[in-house]
Amino acid sequence: SQQGEEDPQALSIQEGENATMNCSYKTSINNLQWYRQNSGRGLVHLILIRSNEREKHSGRLRVTLDTSKKSSSLLITASRAADTASYFCATDERTDKLIFGTGTRLQVFP
Amino acid sequence: ETGVTQSPTHLIKTRGQQVTLRCSSQSGHNTVSWYQQALGQGPQFIFQYYREEENGRGNFPPRFSGLQFPNYSSELNVNALELDDSALYLCASSLGGTHQETQYFGPGTRLLVL
């Protein structure tokens, strides 16, 4: 079963614009991770934020976590065509499983 | 590149057959997790192996089985293949036998069951 839900399901923007995608989950977590997947290939880890953190940055990525709302957001600033991919959030939800959301498909046009 | 490799890259089988997929973990990692990703969906956890023992399992039937070797590489076996088993199968390696750390994914094996 997939507990997380990303929003929107698809997003199209122009190069240089910012892209924001959101993730909601259902139960308490130890951490939340964001992954990127190009064209149905392997996933690449982007960033991990722990439940006691509220914001984290990595290069052009900014992730926020609101445990009271059980939600997270991923912001990609100054997007590039190479950022075109599917983005997934994943939570451990205090179980022995890593549970992925359904993903946001991002298309960045040159 | 994560250092995690999977073989084969693509595979076509017919219903009822058996398949074995292989994964070599990143150097220094002792944990391998397997995921099934249907088209247009997120990956779903199948099971995890930590130091050669199964360490957690998702909602998959017993015909999905696995193995981890002393060098921490792993196999996923699926018996009595069904059409719905067609998917991208991903393995991920990590250190520590939990899901609380970064997982490093291989490129996947795309399985088509006819």
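Residues numbered from 1 in each chain as written. Chains lettered and ligands numbered in written order. Predicted model: local features only at pLDDT ≥ 70, side-chain atom pairs only at ≥ 80, totals over all residues. Heavy atoms only, no water.

Caption draft 1: Region of the structure containing the sheet that holds strand β1 (residues 5-7) of chain A. Residues and elements named next belong to chain A. Here we have five strands laid out as an open sheet, ordered β1-β3-β8-β7-β6, and antiparallel in their pairing. The open sheet has two edge strands, β1 and β6 (55-58), and neither has a second partner. Adjacent strand axes in the sheet meet at a mean angle of 15° when their direction is disregarded. Here strand β7 (residues 61-66) runs beside strand β8 (residues 71-76); their pairing, made up of six bridges, is antiparallel. Residue pairing in the sheet places L61 in a bridge with I76 of β8. (Pairing = 2+ DSSP bridges. Helix = DSSP H or I, 4+ residues; strand = E, 2+ residues; numbered from the N terminus. Axes fitted to C-alpha atoms, helices over the stretch in contact; angles between N-to-C directions.)

Caption draft 2: Main features of the pairing of strand β3 (residues 19-24) of chain A. Residues and elements named next belong to chain A. Every second residue of β3 is oriented toward a common face, the buried set being A19, M21 and C23 and the non-buried set T20, N22 and S24. Looking at chain direction, β1 and β3 are connected through three bridges and run antiparallel. Within β3, the residue paired with E5 across the bridge is S24. (Buried < 20%, exposed > 50% of the residue type's maximum accessible area, 1.4 Å probe, protein only.)

Caption draft 3: A look at the pairing of strand β9 (residues 85-91) of chain A. Residue and element names in this part refer to chain A. Among the seven residues that make up β9, seven are buried, leaving the element largely enclosed by the rest of the structure. Here β9 shows a buried face lined by A85, Y87, C89 and T91 and a second buried face lined by S86, F88 and A90. Where strand β4 (residues 31-37) and β9 come together, six bridges link them in antiparallel fashion. From the neighbouring strand, Q33 faces β9, where its bridge partner is A90.

Caption draft 4: Region of interest: the sheet that holds strand β7 (residues 64-68) of chain B. All names here are of chain B. Spatially, the four strands line up as an open sheet ordered β1-β3-β8-β7, and their pairing is antiparallel. Looking at the sheet topology across the chains shown, the edges are occupied by β1 (5-7) and β7. Across the sheet, the mean angle from the axis of one strand to that of its neighbour is 20°, orientation sign disregarded.

Caption draft 5: Representation of the interface of chain B and chain A. Between chain B and chain A, the residue contacts involve 24 residues of the former and 22 residues of the latter. Interface area, chain B with chain A, both sides summed: about 1,900 Å², of which 46% is carbon and sulfur. Between the two partners, chain B and chain A, sit four residue pairs in polar contact (both at pLDDT 80 or more). Secondary structure elements with two or more residues in the side of chain B that touches chain A: β4 (31-37), β5 (44-50), β6 (53-57) and β9 (87-94) of chain B. Looking at the side of chain B that touches chain A residue by residue, the classes come out as seven nonpolar, 14 polar and three charged. (Contact = heavy atoms within 4.5 Å. Buried area = accessible area lost by both parts, 1.4 Å probe. Polar contact = N/O pair within 3.5 Å; in protein donor to acceptor, adjacent residues only side chain to side chain. Nonpolar A, V, L, I, M, F, W, Y, C, P; charged D, E, K, R; others polar.)

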